[in-house]
4 protein chains.
Amino acid sequence: MSRKIRMGMVGGGRGAFIGAVHRMAATLDGEIELVCGAFSSDPEKSKASGADLYLPPDRVYGSFGEMILKEKALPEGKRMDFVSIVTPNHVHFPPAKMALENGFSVVCDKPLSFNTDEALELQQLVESTGLLFALTHNYTGYPMVKQARAMVRNGEFGAIRKVIVAYPQGWLSTRLEATNQKQASWRTDPKRSGAAGAMGDIGTHAENLAEYISGLRITKLCADLHTFVEGRQLDDDGSVLLRFDNGARGILYATQVAAGEENALHIRVYGEKGGLEWHQMYPNDLKVRWLDKPEQLLRTGVGDLYPAAQAGARIPAGHPEGYLEAFANIYRNFAHCLRAKLSGQKADPVYEDFPTVEDGVRGMKFIDRVIESSASDQKWLPV
Amino acid sequence: MSRKIRMGMVGGGRGAFIGAVHRMAATLDGEIELVCGAFSSDPEKSKASGADLYLPPDRVYGSFGEMILKEKALPEGKRMDFVSIVTPNHVHFPPAKMALENGFSVVCDKPLSFNTDEALELQQLVESTGLLFALTHNYTGYPMVKQARAMVRNGEFGAIRKVIVAYPQGWLSTRLEATNQKQASWRTDPKRSGAAGAMGDIGTHAENLAEYISGLRITKLCADLHTFVEGRQLDDDGSVLLRFDNGARGILYATQVAAGEENALHIRVYGEKGGLEWHQMYPNDLKVRWLDKPEQLLRTGVGDLYPAAQAGARIPAGHPEGYLEAFANIYRNFAHCLRAKLSGQKADPVYEDFPTVEDGVRGMKFIDRVIESSASDQKWLPV
Amino acid sequence: MSRKIRMGMVGGGRGAFIGAVHRMAATLDGEIELVCGAFSSDPEKSKASGADLYLPPDRVYGSFGEMILKEKALPEGKRMDFVSIVTPNHVHFPPAKMALENGFSVVCDKPLSFNTDEALELQQLVESTGLLFALTHNYTGYPMVKQARAMVRNGEFGAIRKVIVAYPQGWLSTRLEATNQKQASWRTDPKRSGAAGAMGDIGTHAENLAEYISGLRITKLCADLHTFVEGRQLDDDGSVLLRFDNGARGILYATQVAAGEENALHIRVYGEKGGLEWHQMYPNDLKVRWLDKPEQLLRTGVGDLYPAAQAGARIPAGHPEGYLEAFANIYRNFAHCLRAKLSGQKADPVYEDFPTVEDGVRGMKFIDRVIESSASDQKWLPV
Amino acid sequence: MSRKIRMGMVGGGRGAFIGAVHRMAATLDGEIELVCGAFSSDPEKSKASGADLYLPPDRVYGSFGEMILKEKALPEGKRMDFVSIVTPNHVHFPPAKMALENGFSVVCDKPLSFNTDEALELQQLVESTGLLFALTHNYTGYPMVKQARAMVRNGEFGAIRKVIVAYPQGWLSTRLEATNQKQASWRTDPKRSGAAGAMGDIGTHAENLAEYISGLRITKLCADLHTFVEGRQLDDDGSVLLRFDNGARGILYATQVAAGEENALHIRVYGEKGGLEWHQMYPNDLKVRWLDKPEQLLRTGVGDLYPAAQAGARIPAGHPEGYLEAFANIYRNFAHCLRAKLSGQKADPVYEDFPTVEDGVRGMKFIDRVIESSASDQKWLPV
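Quick caveat: nothing in here was measured; it's all calculated off a predicted structure.

A. Structural detail: the side chain of Ser-113 of chain D. As for its position among the elements, Ser-113 of chain D is in the loop between β4 (105–108) and α5 (116–129). Excluding residues that lie within four positions of it along the chain, Ser-113 of chain D makes contacts with Asn-89, His-92, Glu-118, Ala-119 and Met-364 of chain D.

Shown next, in the form of structure tokens:
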């Protein structure tokens, strides 16, 4: 299949933030090209956005429904291969469902959906259609996160005992939504964001990262959510005690009122023989500590890393790879698998590594349980 | 009062670790001299230890009881001014009580006592005697911890919303006590350490630090203690959700099975306008972040620090001060206040800054509640 | 001009490193598309490389000469707009000259040419043709480098007194070229690399960075080059004392035998009132120190940065931008200016910010003088 | 010899900085006691300073001459064992000479003397008397500096190729001496400081550190000194190219006009197989990099360090040791050797590790050559 994979986009018009990220990430490796889009629910805005992107006007649509149906009607040599959904949370489900029902694989921004029912329905659709579905929990795309996961999986630290994962942000320390700032407005609005605020927006990233690296599953939790900013409708802070399926203990916190913090996602994982520490803002460093030898600093691209970590790096060591490259790894892995599928071939297992609809369902259940726990006097709730 | 303050020591004989720390800390500033000691419950070992320290044999005693009584009988111009207690937890109370009852002020290692009853009795004795009592929660002696406290107290960050404090150690990742290692043996033995393991040994440091810096008091908690190492009798890991008296939320964890960690005590405090981050292993750095201006790195000795932070530094900026200097600040402040008391003068308020018997009582109650909470199905327990 | 800018590439075929970097950097922002290439001097390899990139076979050429002439013959609506040259040093000049002579603007990898004569000829050609010429001294593309430059230029530090710039690498610590490793082979071969080894390959990056940030010009130097690895034909290490046009002093060193280092380019600049420190491997941090206030950590995307720094960032603060994004800034700025030129419009001055043929000429003269100085007994040579 | 070693001090009265450092460092380990002093050339000030230190009035002298003669006349069981000299540079030689001539060993602050002639005379006196002489190049007292030296000496990095050592300070960025600030006044006054300013005060520290860690000797140098602050009489900035006896290349710079810097002494040493990096402000970290394995972070007190590094640490890993502890290591090692000498025993070789009069002579010659080179047109001068 000697051509680029063709992407159609839903959302991401002028003024959006994450749409541009998806486009850069998707096209970085020269494997995917943007061929069409429904960039806004406002057809005029969609058209203008498409022109900004140098798309031919006839491939810029007024709605995702129009896009899916018209693209489906195009000849195979021309129509899009998959849909990328970059809308606010409450508009994930409708285009995802319709895309799947019409035979298109999907990349969808996180969290998966507005609520768990939608998530479960999407999961069933993915299973029944056999199409590919990637969820952009992008932080798992960093090479050193993949290295961390591989080290744990290979038992280098022995049984895992403790996981501490945190995602402090400070940008919602004041009532930014009252200024109509676009990102703040929909994220703090229960009609668009869903039942959770900080815990849905960034808590699920933390949850996904913890499970991805540790290879463990959260089985019980005890949560304390709070809204610090007066007048805000959703939680802007939350702390959760965790228990994992192997008996490990954990802590997760996610806050958007940690004044002065940017995107300080970080994780510490400790096992019987050693532990690791990783910070998203310095993603090419992986600190590894041991019971019986000096601390090591593993670095993207340096030395004998595991295959997934090696595959996640594009440039020689010492040239920092960032957020876009990590994001691009999800698209690149997805594209590899989609290309294999379209070509009737088997994907290289090293690329079968991107968050899926199952991760999305787990994230939605996590949100549900955290909210329930926070309101409960019972200490532990099962997940 | 033109002479050094005279210290008698209980514990800290050959092979002990913390005794030497206390001696270096006490004498660093030339304000205190060691004049006598009961260094071990074994009189021979006490004698040998005294000789190591170049003490005259007649001031080296076979027991703390002998020391207190014989020193009391010495003329005022010769006898010790206070007792420093550096024994394992279960031997804090007896010498502290006897010293107070015989008119000697006390410096005592933490935690205050074996249990809360003892703590309360000591608190009453301190009140009734009017003597001085310092508890060596030494981490509050660091200049940048004092700066952090002063910034919070002066409202630089606005109301505090979130406190995250952690004390990860790794040295008990294996069953070190089975090898008869002295430090591990008594710390994991409920008969000598008290009801808690990690939570008593280092969790109380974290609790004390969080309250010292934030100026807040913990009012509720929800804890999860665990013993990871098979055969160990006390907890070696614990996580606690906190609520503070002003409504702030918090997390505390203390673990001695974080394989590869040294003494990685660290704290993050966030308020409405900004936040701070401090790590014990790099104690001269205080990271301060703000909603509306660049992150700052405050440094011991640099610029316009608050008086307590300035008073806590001995040497020009850029020459790192460490653990011993922080520890010495407790002794120096205690010595200043004791000298004032002995001279019938008023102490300079900037030196009236050391942990007291009240901190010790709070710590013991914290331990009790954490243990109770960990065993309970009820989510929140009051402190 | 409602279309993407069209790029033709010379070099960068299978197995090359920097070609892929250029392609990712050029296309990241959706402003440039790769339309053709002469990817290798071996026509078969060129063809295969073009197929890897999903180019139509008729736009993949067997030589740069063929490419330039055939593209020139294409209609304006189809032919490339500029040439990107990513070959080893000795093959920069021929395609650059031919491109310019045939009306194509050029992006060229550094150093500009094999020797200074070539550089001067290119400079004349650029002047006489009025075409655009960008040299990929990519490190000046980082947002915090742009911030540093703007701070200096705006006098925030007062007159600059001292500049220390260093580029330590370790990858040539052994005689890697003896293993036929491709990158090592041509870089250590005077027939392909030019008169200098480390000083040409990475020393010119350091020199360019120092002048870019400081706004100063090197006027005198005193150099000590050395070849540590036996059998190597070019310098692998060099140290240079610098004097700048305003009287500032400086040090530059570049070494490829700093065993264990990756690409540890870093710079410190000190002025009367303060100074800055920047490290390429952690590029989103800019440490700024002051005589009379606390050290600050300026960060990509945070707060009131200068326009050039703001324009250099793509994503919200706290999401690290890396090497590719910095590299892409050169292409993006070049594309903006080329689009303006092709449209007969004036470029936005904030984008008129990329290294040019003048920087290339300065780099070549710097190399010449460093080599001359190293062989001389005279202390200072003018630049 | 069951008593403390007795120290008499010259200089270090009220308002002095380094005197207090010496006293804390000397007495930290309980091996040395201050018994007498001539703390100022002003007898009244000396007396007052002695009272501050709780010394008996009859052991506080009006001049070093008086102190040396009167102490010599005391019975052996009472008189001081050695003299500690903590005066400005021009008052090192007279008391050092007199002490040696009267049978007292000496600890002397650096640089050794006002000029090289004095240094050579002291060297001869030390040789002829057989007394001990320690020079407080205190930075070599840090445990991780000792580890670094041991690693190099044991060939872990192979032959050393490159040494970069720097000591940036910012406190003399303005003409502080014009305000009569005590430290600035004498350090910038050629009558009290000697022929060099920054290069003597801190450049010699850098030189000593480089030779101590690398085990190499500087054989040639090429220097560029400058005075940036108008009206200042001595250099406040200098850069030096170095060549070492094994062919290694080096760079040293020392500056007191690096605005905003504290005491940012740091060193990088590279050998055939790896390299190290150490920063004085974070002294318990030693970064070690390798050609073929991940970077390591060696830490004071952690793991299998070399004996000298182990002996240099007092407290368990993770409790930071600082400047005073490093300084104290010089006194402790000196005290050990002096105790052995006084007892007619052999010193433990691990403690025969402190800077001596030979280091002092090398430092003075280094200063001479740097000044000569800076004024010369000849590129390389031999050392």
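There's more to say after this.
B. Inspection of the pattern of salt bridges at higher detail. The tally for this structure, following the rule as stated, stands at 108 salt bridges over all chains. Between Asp-224 of chain D and Arg-243 of chain C there is a salt bridge, with the nearest N and O atoms lying 2.5 Å from each other. In this pair, Asp-224 of chain D sits in strand β7 (residues 218–226) while Arg-243 of chain C sits in strand β8 (residues 237–244), so the two residues belong to two different chains. Between Glu-31 of chain D and Arg-339 of chain D there is a salt bridge whose closest N-O contact spans 2.9 Å.

C. Layout of the nonpolar core. Judged by nonpolar contacts, the single largest core of 220 residues is most densely connected at Phe-133, Ile-213 and Tyr-323 of chain B together with Phe-133, Ile-213 and Tyr-323 of chain D. For Phe-133 of chain D, the contacting residues outside a window of four places in its chain are Ala-96, Leu-100, Val-106, Cys-108, Leu-112, Leu-122, Val-126, Phe-334, Phe-354, Pro-355, Thr-356 and Val-357 of chain D.

D. The UniProt feature "domain: GFO/IDH/MocA-like oxidoreductase" (unreviewed entry) in chain A, seen in detail. Taking the UniProt record as the reference, the feature "domain: GFO/IDH/MocA-like oxidoreductase" (unreviewed entry) is found at residues 145–277 of chain A. Within residues 145–277 of chain A, the helical portion is 27% and the strand portion 32%, while the C-alpha atoms at the span's ends are 10 Å from each other.

E. Geometry of the pairing of strand β9 (residues 249–255) of chain A. Residue and element names in this part refer to chain A. For β9, the buried fraction is high: seven of the seven residues fall into the buried class. In β9, alternate side chains face the same way, and those of Arg-249, Ile-251, Tyr-253 and Thr-255 on one face and Gly-250, Leu-252 and Ala-254 on the other are all buried. Bridge analysis of strand β6 (residues 160–168) against β9 gives seven bridges, and the strand direction is parallel. Bridge pairing in β9 links Ala-166 to Tyr-253. The pairing of strand β8 (residues 237–244) with β9 spans seven bridges and is classified as antiparallel. Its bridge partner lying in β9, Ser-239 is registered against Tyr-253. Taking the residues between adjacent antiparallel strands as the criterion, β8 and β9 are bridged by four residues, where Gly-247 takes a positive phi near 95°.

F. Structural view of the interface of chain B and chain A. In this complex, chain B contributes 48 residues to the contact, which on the side of chain A involves 48 residues. The junction of chain B with chain A conceals about 3600 Å² of combined surface from both sides, 55% of it contributed by carbon and sulfur atoms. When residues of chain B are sorted by the area they lose upon contact with chain A, Arg-161, Asp-224 and Lys-379 of chain B head the list and together hold 19% of the total. Joining chain B to chain A, the criterion identifies ten salt bridges. In this structure, Asp-237 of chain B and Lys-162 of chain A form a salt bridge, with 2.9 Å as the shortest nitrogen-oxygen distance. Where chain B meets chain A, there are 26 residue pairs in polar contact (both at pLDDT 80 or more). Elements with a contribution of two residues or more to the side of chain B that touches chain A: β6 (160–168), β7 (218–226), β8 (237–244), β9 (249–255), β10 (266–271), β11 (274–279), β12 (285–290) and α12 (357–374) of chain B. The element contributing the most residues to the side of chain B that touches chain A is β8 of chain B, with six residues.

G. Spatial organisation of the relation of the copies chain B and chain A. Relative to chain A, chain B is turned by 180° and slid 0.0 Å along the rotation axis, the superposed coordinates differing by an RMSD of 0.0 Å. The relationship between the two copies is best expressed as a two-fold rotation axis. Within chain B, Lys-379 of chain B has its C-alpha nearest the rotation axis, a separation of 2.2 Å. Taken together, the interface assignments show that 100% of the residues at the interface of chain B recur at the interface of chain A, consistent with an identical surface on both copies.

H. Structural detail: the sheet that holds strand β2 (residues 32–38) of chain D. Residue and element names in this part refer to chain D. In space, the five strands of this open sheet follow the order β2-β1-β3-β4-β5, with parallel pairing throughout. Both edges of this open sheet fall to β2 and β5 (133–135), since each of them pairs with a single strand only. Within the sheet, the average angular offset between the axes of one strand and its neighbour, ignoring direction, is 20°. Pairing analysis gives six bridges linking strand β1 (residues 5–10) to β2, with the strands arranged parallel. Across the sheet, the residue bridging to Met-9 is Gly-37, located in β2. Seen against the sheet, helix α1 (residues 18–27) touches β1, β2 and β3 (82–85) and runs at an angle of roughly 150° to β2.

I. A look at the domain arrangement of chain A. All names here are of chain A. Taken domain by domain, chain A consists of domain 1 (5–131) and domain 2 (140–315 + 362–382). Relative placement of domain 1 and domain 2: their C-alpha centres are 27 Å apart. Area buried by domain 1 at its contact with domain 2 is led by Lys-110, Phe-114 and Thr-116, which between them contribute 36% of it. Across the contact surface, domain 1 and domain 2 share two salt bridges. Notably, a salt bridge pairs Arg-314 with Asp-29, separated by 2.8 Å at the nearest N-O pair. Applying the counting criterion to the domain 1 and domain 2 interface returns six residue pairs in polar contact (both at pLDDT 80 or more). Per-element tally for the side of domain 1 that touches domain 2: the top contributor is helix α5 (residues 116–129), with three residues.

J. Here's a closer look at the interface of chain C and chain D. Contacts between the two partners involve 48 residues from chain C and, on the opposite side, 48 residues from chain D. Here chain C packs against chain D, burying approximately 3600 Å² in sum over the two surfaces, 55% of which is carbon and sulfur. Its largest share of buried area at the contact with chain D, chain C owes to Arg-161, Asp-224 and Lys-379 of chain C, together 18% of the area lost on that side. Summed over the shared surface of chain C and chain D, the result is ten salt bridges. Two residues, Arg-268 of chain D and Glu-261 of chain C, come together in a salt bridge whose shortest N-O distance is 3.1 Å. Our count for the contact surface shared by chain C and chain D stands at 26 residue pairs in polar contact (both at pLDDT 80 or more). Only β6 (160–168), β7 (218–226), β8, β9 (249–255), β10 (266–271), β11 (274–279), β12 (285–290) and α12 (357–374) of chain C provide two or more residues apiece to the side of chain C that touches chain D. Considering every element that reaches the side of chain C that touches chain D, the biggest residue donor is β8 of chain C, with six residues. In the side of chain C that touches chain D, the residues fall into 19 nonpolar, 16 polar and 13 charged.

K. Up close: the packing of aromatic side chains. Going through the model one piece at a time under the given rule, you end up with 37 aromatic pairs over all chains. Ring centres 5.0 Å apart and planes at 65° place the aromatic pair Phe-82 of chain C and Phe-334 of chain C in the edge-to-face group. With Phe-82 of chain C in strand β3 (residues 82–85) and Phe-334 of chain C in helix α11 (residues 323–342), this pair connects stretches of sequence that are 252 residues apart. Assigned by exposure class, Phe-82 of chain C and Phe-334 of chain C land together as buried. Here the aromatic residues Phe-82, Tyr-139, Tyr-167, Tyr-323, Phe-327, Tyr-331, Phe-334 and Phe-354 of chain A are joined through ring pairs into a cluster of three or more. Positioned above the aromatic ring of Trp-290 of chain C is the side chain of Lys-293 of chain C, whose terminal nitrogen or guanidinium carbon lies 4.5 Å from the ring centre. One cation-aromatic arrangement involves Arg-149 of chain D over Tyr-212 of chain D; the distance from NZ or CZ to the ring centre is 4.2 Å.

L. Main features of the pairing of strand β1 (residues 5–10) of chain C. All names here are of chain C. Taken across its six residues, β1 has six buried, putting it largely inside the fold. Here β1 shows no split at all, with Ile-5, Met-7 and Met-9 on one side and Arg-6, Gly-8 and Val-10 on the other all buried. In the classification by handedness, the crossover that spans β1, the intervening helix α1 (residues 18–27) and the parallel strand β2 (residues 32–38) is right-handed.

M. Here's a closer look at the sheet that holds strand β5 (residues 133–135) of chain A. All names here are of chain A. With parallel pairing, the five strands of this open sheet are ordered in space as β2-β1-β3-β4-β5. Edge positions in the open sheet fall to β2 (32–38) and β5, since each of these has one partner strand only. Direction aside, neighbouring strands of the sheet carry axes that sit 20° apart on average. Strand direction decides the pairing type here: strand β1 (residues 5–10) and strand β3 (residues 82–85), joined by four bridges, are parallel. In the strand pairing of β3, Gly-8 is matched with Val-83. Docked against the sheet, helix α1 (residues 18–27) engages β1, β2 and β3, running at close to 150° with respect to β2.

About the cut-offs
- Residues numbered from 1 in each chain as written.
- Chains lettered and ligands numbered in written order.
- Predicted model: local features only at pLDDT ≥ 70, side-chain atom pairs only at ≥ 80, totals over all residues.
- Heavy atoms only, no water.
- Helix = DSSP H or I, 4+ residues; strand = E, 2+ residues; numbered from the N terminus.
- Contact = heavy atoms within 4.5 Å.
- Salt bridge = Lys/Arg side-chain N within 4 Å of Asp/Glu carboxyl O.
- Core = buried A, V, L, I, M, F, W, Y, C linked by side-chain atoms within 4.5 Å.
- Buried < 20%, exposed > 50% of the residue type's maximum accessible area, 1.4 Å probe, protein only.
- UniProt positions renumbered as here; feature names shortened; annotations may be inferred.
- Pairing = 2+ DSSP bridges.
- Buried area = accessible area lost by both parts, 1.4 Å probe.
- Polar contact = N/O pair within 3.5 Å; in protein donor to acceptor, adjacent residues only side chain to side chain.
- Least-squares fit on C-alpha atoms with pLDDT ≥ 70 in both.
- Axes fitted to C-alpha atoms, helices over the stretch in contact; angles between N-to-C directions.
- Domains from an automatic or database assignment.
- Nonpolar A, V, L, I, M, F, W, Y, C, P; charged D, E, K, R; others polar.
- Phe/Tyr/Trp six-rings, centres within 6.5 Å; stacked < 30°, edge-to-face > 60°.
- Lys NZ or Arg CZ within 6 Å of the ring centre and 35° of its normal.
- Right-handed = clockwise from strand over helix to strand, strands pointing away.

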